[in-house]
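Tertiary structure, described
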Amino acid sequence: MEIKITKAAVLKEKPDSSTLGFGKIFTDHMFMMDWNDQKGWYNARIVPFENISLHPASTVLHYGSEIFEGLKAYRRKDGKVQMFRPIENIRRMNRSAERLCLPEIPEDLAMQVLTTFVELEQDWTPSAEGTSLYLRPFMFGNDESLGVHAVHNATYVIIASPVGSYYAEGINPVKIMIEDEDVRAVRGGTGYAKCGGNYAASNRAGERAAKQGYSQVLWLDGVERKYIEEVGAMNVMFKISGKIVTPMLSGSILPGITRMSCIEVLKSKGFEVEERLLSIDELAAAMENGTLEEAWGCGTAAVVSPIGELCYKGVKYPVNNGEIGEVTQSLYDTLTGIQWGKLDDIFGWIKEI
Ligand code: PLP
Ligand code: COI
């Protein structure tokens, strides 16, 4: 598809890499494309970064008809820019779209517009250690009417933000509160889709945990509040008696691309990885008898985030003496090594710009 490019008249000054934080600074341009059920996708364009004007009855403002993705572009030592497994984000976006009755984007078109946009904005990819250009594709239902139904009009946008680490703690272990009241998602609901509503519904528990000094919550399943699902906005993995255990994808868990990559890396290093139900009772027993050796969250923003303490029903359990474990560190080193082009791309995950 032809992409019409309108360049910003004045380019912004690039920020100092040491002060980036997460998602506060945006690049000069954004990609936009519209859809309606008669024309399909049309009007693909790159325009100067600007506010989006919406009709007050726009579907997204009332019924939460919104999905998004998150992936990164990394600057290598030789100056080139590369993305990590973008096809997986494109596929997940389409699975989210199907769940929310939003339009899917043909994979080739989604890849074309993403690479064209990143090519244009690539100078914004920072080069300091641990920094990257976070790409945020998102789509929303945009009918100008209050009826509740699958939308007839939608808009797809990609914005980009140079970022440092997601957590102020960086790769240092975080404290996690096990949430036994609110749930993030239920089977049959939208847990496996990356839709805005999931995040809106998770904020209350996150706020309660933060007030008590915890970085995030560990979510239990929505039916029995018995099985572990995710940690904050990341997937979660445990090393118990030498084996890696991670909750299986049951429909309420987001199928993380970092999770998928961790599993492939771990298996390639000879670890046994069990994707299965893991109950809070089994985890509590492992915490009590000392067989829980490591725990970490994994997601694009933080890559791998070690868990140094878990709190369940008021009892605090240190994990690996509050320090980053060997497997956690090695996963972080391998994934970031491939992402920043310091290690060979032996799995074929990299897309160079
Ligand atoms: N779980 C949730 C709820 C998320 O928002 C994310 C972040 O994208 C993840 C898991 C990790 O997914 P990924 O590794 O694809 O970033
Ligand atoms: C992740 O990349 O791990 C995230 O959860 C992104 C978050 C800002 C929604």
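Cut-off values and rules
Residues numbered from 1 in each chain as written. Chains lettered and ligands numbered in written order. Predicted model: local features only at pLDDT ≥ 70, side-chain atom pairs only at ≥ 80, totals over all residues. Heavy atoms only, no water. Helix = DSSP H or I, 4+ residues; strand = E, 2+ residues; numbered from the N terminus. Rg over C-alpha atoms; globule rule 2.2 N^0.38 Å. Contact = heavy atoms within 4.5 Å. Areas by Shrake-Rupley, 256 points an atom, 1.4 Å probe, with all protein chains shown as cover. Lys, Arg positive; Asp, Glu negative; His and termini not counted. Charge placed at Lys NZ, Arg CZ, Asp CG, Glu CD. Buried < 20%, exposed > 50% of the residue type's maximum accessible area, 1.4 Å probe, protein only. Right-handed = clockwise from strand over helix to strand, strands pointing away. Pairing = 2+ DSSP bridges. Domains from an automatic or database assignment. Buried area = accessible area lost by both parts, 1.4 Å probe. Salt bridge = Lys/Arg side-chain N within 4 Å of Asp/Glu carboxyl O. Polar contact = N/O pair within 3.5 Å; in protein donor to acceptor, adjacent residues only side chain to side chain. Nonpolar A, V, L, I, M, F, W, Y, C, P; charged D, E, K, R; others polar. Axes fitted to C-alpha atoms, helices over the stretch in contact; angles between N-to-C directions. Parallel < 35°, antiparallel > 145°, perpendicular 65-115°, else oblique. Left-handed = near helix turned anticlockwise from the far one by under 90°.

Description of the overall build of the chain
- Assigned secondary structure in the chain consists of 7 helices and 18 strands.
- Expected size for 353 residues packed as a compact globule is a radius of gyration near 20 Å; at 21 Å, the chain falls within 12% of this value.
- Dimensions of the chain along its principal axes, counting C-alpha atoms only, are 60 × 50 × 35 Å.
- Partitioning the contacts of the chain with sequence separation of at least 6, the portion at a separation of at least 24 is 70%.
- Approximately 15,600 Å² of the chain is accessible, and the part contributed by carbon and sulfur atoms is 49%.
- Both charge centroids of the chain, one from 37 positive and one from 47 negative side chains, sit 1 Å from each other.

Focus: the pairing of strand β10 (residues 216-220)
- Counting buried positions along β10 yields 5 of 5 residues, so the element is predominantly enclosed.
- Along β10, one buried face is formed by Gln 216, Leu 218 and Leu 220 and the opposite face, lined by Val 217 and Trp 219, is buried too.
- Traced from strand β9 (residues 174-178) through helix α4 (residues 196-211) to β10, the parallel crossover comes out right-handed.
- The pairing of β10 with strand β11 (residues 228-231) spans 2 bridges and is antiparallel. Looking across to β11, one finds that Leu 218 is bridged to Val 231.

Remarks on the domain arrangement of the chain
- Taken domain by domain, the chain comprises domain 1 (4-165) and domain 2 (174-339).
- Using C-alpha coordinates to define each centre, domain 1 is positioned 27 Å away from domain 2.
- Tallying the contact residues gives 21 residues for domain 1 and 21 residues for domain 2.
- With both chains or domains summed, domain 1 and domain 2 bury close to 1,900 Å², and 57% of this area falls on carbon and sulfur atoms.
- Together, Phe 84, Arg 92 and Arg 99 form the three largest contributors to the area buried by domain 1 at its contact with domain 2, with a combined 32%.
- There are 1 salt bridge connecting domain 1 and domain 2.
- Between Arg 85 and Glu 264 there is a salt bridge, with the nearest N and O atoms lying 3.4 Å from each other.
- On the surface where domain 1 and domain 2 come into contact, there are 13 residue pairs in polar contact (both at pLDDT 80 or more).
- Put simply, the parts of the chain that give the side of domain 1 that touches domain 2 at least two residues each are β4 (66-68), β5 (71-75), β6 (81-84) and α2 (86-100).
- It is α2 that contributes the most residues to the side of domain 1 that touches domain 2, 8 residues altogether.
- Looking at the side of domain 1 that touches domain 2 residue by residue, the class counts come to 8 nonpolar, 4 polar and 9 charged.

Side note on the pattern of salt bridges
- According to the stated counting rule, one finds 20 salt bridges in the structure shown.
- Arg 208 serves as the salt-bridge partner of Asp 182, at 3.4 Å between the closest nitrogen and oxygen. Placement of Asp 182 in the loop between β9 and α4 and of Arg 208 in helix α4 is noted, with a sequence separation of 26 residues between them.
- Note on Asp 182: relative accessible area 10%, which makes it buried.

Observations regarding the side chain of Thr 27
- By the secondary structure assignment, Thr 27 is in the loop between β1 (4-5) and β2 (29-36).
- Residues contacting Thr 27, with those up to four places away along its chain left out, are Lys 12, Phe 49, Phe 117, Glu 121, Trp 124, Leu 133, Ala 160 and Pro 162.

Here's the deal with unusual backbone geometry
- A positive phi angle, close to 55 degrees, is found at Asn 43, a residue other than glycine.
- Mapped onto the secondary structure, Asn 43 falls in strand β3 (residues 40-48).
- What makes Asn 43 partly exposed here is its relative accessible area of 41%.
- Within the chain, Asn 320 stands out as a residue other than glycine whose phi angle is a positive 50 degrees.
- By the element assignment, Asn 320 lies in the loop between β17 (315-318) and α7 (326-339).
- Asn 320 sits in the partly exposed class, given a relative accessible area of 30%.

Some points on the environment of Glu 288
- In this structure, Glu 288 sits in helix α6 (residues 280-288).
- Through-space distance from the C-alpha of Glu 288 to that of Pro 103 is 48 Å; in sequence the pair is 185 residues apart.
- Among the polar contacts listed, one links the side chain of Glu 288 to the side chain of Tyr 317, at a separation of 2.9 Å.

Brief notes about the packing of α2 against helix α3 (residues 107-121)
- Direction vectors running N to C along α2 and α3 enclose 125 degrees, while the axes themselves pass 10 Å from each other. The pairing of α2 with α3 is recorded here as oblique in orientation. Judged by the sense of rotation from one axis to the other, the crossing of α2 with α3 is right-handed. Judged by residue contacts, Pro 86, Ile 87, Ile 90, Arg 91 and Asn 94 of α2 engage Glu 107, Ala 110, Met 111 and Leu 114 from α3.
- Grouping the constituent residues of the contact of α2 with α3 by class yields 6 nonpolar, 1 polar and 2 charged.

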